[in-house]
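Observations on chain architecture
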Amino acid sequence: MAGTTGVWPALRYADARAAIVFLVEAFGFEEKAVYGEGSRVDHAELVWPGGGGVMLGSPREDSVLTDLPSGVGAVYLVTDDPDGLYVRAVDAGASVVDGLRDEDYGSRGFTCRDPEGVYWSFGTYTGE
């Protein structure tokens, strides 16, 4: 598995197509794959420039995630430019819930919510 991403958070959005546009514009995700017809998104993969990514889609009765409400979740992403990303997110309409700050464990970052309510935290902390 060397060179592959082994963790992909999966999210559901009531308006998955609008969520994709927002995540690309506000945070800088790159659209890798989107499957579905019309307003429905059966499966989408958005990659994070620093590695990894998220999967998302529209609510579907035939999904194993059928009980997962739309717009629920919290995702942390590593960035080497939290200040620039903060400006980008705010300019795109993200709702900031915890502004830019330096943490006692050495990270600098912030937390915001997307239009459907998912929490997105960004910081310089890369783990132990």
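Structural notes, computed from the coordinates. This one's a predicted model, so the numbers in the text were calculated from it and none came from an experiment.

1. Observations regarding the layout of surface pockets
Space inside the largest pocket adds up to approximately 170 Å³. Around the largest pocket, the lining residues are Ala-10, Leu-11, Arg-12, Asp-42, His-43, Met-55, Leu-56, Gly-57, Ser-58, Arg-60, Ser-63 and Leu-65. Elements represented by at least two residues in the lining of the largest pocket include exactly strand E1 (10–12) and strand E4 (53–57). Of the residues contributing to the lining of the largest pocket, the split by class is five nonpolar, four polar and three charged.

2. Here's the deal with the nonpolar core
Grouped together as the largest cluster of nonpolar side chains are 27 residues, with contacts concentrated most on Tyr-13, Leu-23, Phe-27, Phe-29, Leu-56, Trp-120 and Phe-122. Of all the secondary structure elements, the ones that give two or more residues to this core are helix H1 (16–27), strand E3 (43–47), E4, strand E5 (74–78), helix H2 (82–91), strand E7 (108–113) and strand E8 (119–123). At seven residues, H1 tops the list of elements feeding residues into this core. Apart from residues no more than four positions distant in its own chain, Phe-122 is found in contact with Phe-27, Trp-48, Tyr-76, Leu-77, Thr-79, Leu-85, Arg-108, Gly-109, Phe-110 and Cys-112.

3. Notes on the packing of H1 against H2
Following both chains from N to C, one finds H1 and H2 inclined at 140°, their axes separated by 7 Å at the closest point. In terms of axis orientation, H1 runs oblique to H2. Packed against H1, whose contacting residues are Val-24, Glu-25, Ala-26 and Phe-27, the element H2 presents Leu-85, Arg-88 and Ala-89 at the interface.

4. What about the sheet that holds E1?
Strand-to-strand pairing in sheets goes through backbone hydrogen bonds, with the strands running parallel or antiparallel. The sheet built from four strands is open, its strands ordered E1-E4-E3-E2 with mixed pairing. Edge positions in the sheet fall to E1 and strand E2 (30–35), since each has one partner strand and no second. Averaged over neighbouring strand pairs, the angle between their axes works out to 20° when direction is ignored.

5. Observations concerning the sheet that holds E5
Read across the sheet, four strands follow the order E5-E8-E7-E6 without closing on themselves; strand pairing throughout is mixed. On the outer flanks of this sheet lie E5 and strand E6 (95–102), each paired with one strand and no other. Strand-to-strand twist of the sheet, defined as the mean angle between neighbouring strand axes without regard to direction, takes the value 15°. Examined bridge by bridge, E7 and E8 share five bridges and lie antiparallel to one another. Residue pairing for E8: Thr-111 is matched across the bridge by Ser-121. Running over the sheet, H2 touches E6, E7 and E8 and is turned about 15° from E7.

What counts and what doesn't
Residues numbered from 1 in each chain as written. Predicted model: local features only at pLDDT ≥ 70, side-chain atom pairs only at ≥ 80, totals over all residues. Heavy atoms only, no water. 1 Å grid on protein atoms, 1.4 Å probe; cavity = no way out; pocket = protein on both sides within 12 Å on 5 of 7 lines; lining within 4 Å. Points joined across faces, edges and corners; volume = space filled by probe spheres on them. Helix = DSSP H or I, 4+ residues; strand = E, 2+ residues; numbered from the N terminus. Nonpolar A, V, L, I, M, F, W, Y, C, P; charged D, E, K, R; others polar. Core = buried A, V, L, I, M, F, W, Y, C linked by side-chain atoms within 4.5 Å. Buried < 20%, exposed > 50% of the residue type's maximum accessible area, 1.4 Å probe, protein only. Contact = heavy atoms within 4.5 Å. Axes fitted to C-alpha atoms, helices over the stretch in contact; angles between N-to-C directions. Parallel < 35°, antiparallel > 145°, perpendicular 65-115°, else oblique. Pairing = 2+ DSSP bridges.

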